[in-house]
Amino acid sequence: VLMLHAADGGHVTFAPQVATLASAGYRALARDMPGYGHSAPVEPYTFKALSQSAVALVDALQSGPVTLVGHGMGVPAALSHAARGGDTQALVLLPPGHVPQTYYTAPSLQVVRESIDKARALVAAGQGDTPERFYDINQRRQQPVVATARNFLSYFDPASDAEMSITAGKIPASTPVMTVVGENDPLFSRLRGYMADKLPANPKTQYLEVGGGHLDTARLAGEDVVKWIKGAVAD
């Protein structure tokens, strides 16, 4: 079971899940993805590079079935990996995060929309490869992002692979998916329509709601995730 972390590294968040899976007999790994989280940045610092790093980690583990568990930004990375033919038997989205489409349309997230428009204009003007200051909103907190316009768009363009509502419908129908969200998560009330209902039909796919917020999900859903993985990869 390979865990793809959120934007801040996510290893503290994943610690309970690693312990639960290990006690159930799984080889559970929470690895820093190259150029992301706690690792030093690498070039090109793009969403494509992030999802490709997931491919490299999966390839390195190929001694048996691999289940990808994503948290926050790790969710669109896991979806992109599966959508592009990556080798994984099952996906656990625990819980999903990063919503470029919403960043661009929600009035309360106007600062991100302005950054997307700025980045598009810079690329159109042939200035897409010079570092600039843009803005992100993560868990309701505004934060600056220094990146080239082209690389910023790879993460924030609503038409990019980083948009979960796009990649969800592209994963193989043979890949079962467990989606877990907490009742206090910012996406709780609309995650089904936004992403989960776009997943291909699969009899093993499951949607689970738990208590708590975005950072509590791995701990609260631990036993449920182990039970689901046992059933999803049994064949």
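Please refer to the structure higher up on the page.
Note that the structure is predicted; figures quoted are calculated from it, not measured.

### Here's the deal with the overall build of the protein
Helix and strand counts for the protein stand at 10 helices and eight strands. For the protein, the residues scored as buried account for 52% of the 235 residues in total. Considering only contacts in the protein between residues 6 or more positions apart, those separated by 24 or more positions represent 68%. Within the structure as shown, the protein displays about 10500 Å² of accessible surface, and the carbon and sulfur contribution to it stands at 51%.

### Let's talk about the nonpolar core
Of all hydrophobic cores here, the largest spans 44 residues; its most connected members are L2, L79, L91, M164 and M195. Core analysis: the next-biggest nonpolar cluster, separate from the first, contains 21 residues, A28, L94, L208 and I229 among them.

### A look at the sheet that holds strand β1 (residues 2-4)
Across the sheet, which stays open at both edges, the six strands sit in the order β2-β1-β3-β4-β7-β8 with parallel pairing between neighbours. Looking at which strands have only one partner, the edges of the open sheet turn out to be β2 (29-30) and β8 (206-210). Running at roughly 145 degrees to strand β3 (residues 67-72), helix α3 (residues 74-83) makes contact with β1, β3 and β4 (90-96) of the sheet. Sheet contacts for helix α10 (residues 222-232): β3, β4, β7 (177-182) and β8; angle to β4, the most-contacted strand, approximately 155 degrees.

### Topic: the pairing of β7
Of all six residues making up β7, six are buried, and the element is well covered by its neighbours. Across the two faces of β7 the burial is the same, with V177, T179 and V181 and M178, V180 and G182 all buried. In this sheet, β7 lies alongside β4 in parallel orientation, the contact comprising three bridges. In the sheet register, L91 faces β7, and the bridge partner there is V177. Here five bridges tie β7 to β8, and the two strands are oriented parallel to one another. Along β8, the bridge assignment pairs M178 with Q206.

### Let's talk about the environment of H71
Summarising the element assignment, H71 is placed in strand β3. With a relative accessible area of 2%, H71 lands in the buried category. Separated by 27 residues in sequence, H71 and H98 have C-alpha atoms that sit 10.0 Å apart.

### Overview of the packing of aromatic side chains
If you walk through the whole model with that rule in mind, you get three aromatic pairs. Between F134 and F152, the ring centres sit 4.5 Å apart and the planes meet at 20 degrees, which makes this aromatic pair stacked. Here F134 is found in strand β5 (residues 131-138), whereas its partner F152 is found in helix α6 (residues 149-156), with 18 residues between them in sequence. Residue classification places F134 among the buried residues on the basis of a relative accessible area of 0%. Overall, the relative accessible area of 1% leaves F152 in the buried class. One aromatic cluster in this structure is built from Y103, F134, F152 and F156. Of note, R113 hangs over the ring of Y104, and the distance from its end group to the ring centre comes to 4.3 Å.

### Observations concerning unusual backbone geometry
Geometrically, the link from L94 to P95 is a cis peptide bond, its omega value of -15 degrees lying close to zero. With respect to the helices, strands and loops of the structure, P95 is situated in strand β4. You will see that H98, though not glycine, has its phi angle at about 80 degrees, which is positive. The residue H98 is located in the loop between β4 and α4 (100-105) in this model.

### Description of the pattern of salt bridges
All chains considered together, the criterion is met by four salt bridges. The salt bridge involving D157 is made with R120; its shortest N-O contact spans 3.3 Å. On the criterion of sequence distance, the pair formed by D157 in the loop between α6 and α7 (164-167) and R120 in helix α5 (residues 110-124) is long-range, its members being 37 residues apart. By relative accessible area, R120 is classed as partly exposed at 31%. Notably, a salt bridge pairs R219 with D216, separated by 3.6 Å at the nearest N-O pair.

Criteria and cut-off values
- Residues numbered from 1 in each chain as written.
- Predicted model: local features only at pLDDT ≥ 70, side-chain atom pairs only at ≥ 80, totals over all residues.
- Heavy atoms only, no water.
- Helix = DSSP H or I, 4+ residues; strand = E, 2+ residues; numbered from the N terminus.
- Buried < 20%, exposed > 50% of the residue type's maximum accessible area, 1.4 Å probe, protein only.
- Contact = heavy atoms within 4.5 Å.
- Areas by Shrake-Rupley, 256 points an atom, 1.4 Å probe, with all protein chains shown as cover.
- Core = buried A, V, L, I, M, F, W, Y, C linked by side-chain atoms within 4.5 Å.
- Pairing = 2+ DSSP bridges.
- Axes fitted to C-alpha atoms, helices over the stretch in contact; angles between N-to-C directions.
- Phe/Tyr/Trp six-rings, centres within 6.5 Å; stacked < 30°, edge-to-face > 60°.
- Lys NZ or Arg CZ within 6 Å of the ring centre and 35° of its normal.
- Salt bridge = Lys/Arg side-chain N within 4 Å of Asp/Glu carboxyl O.

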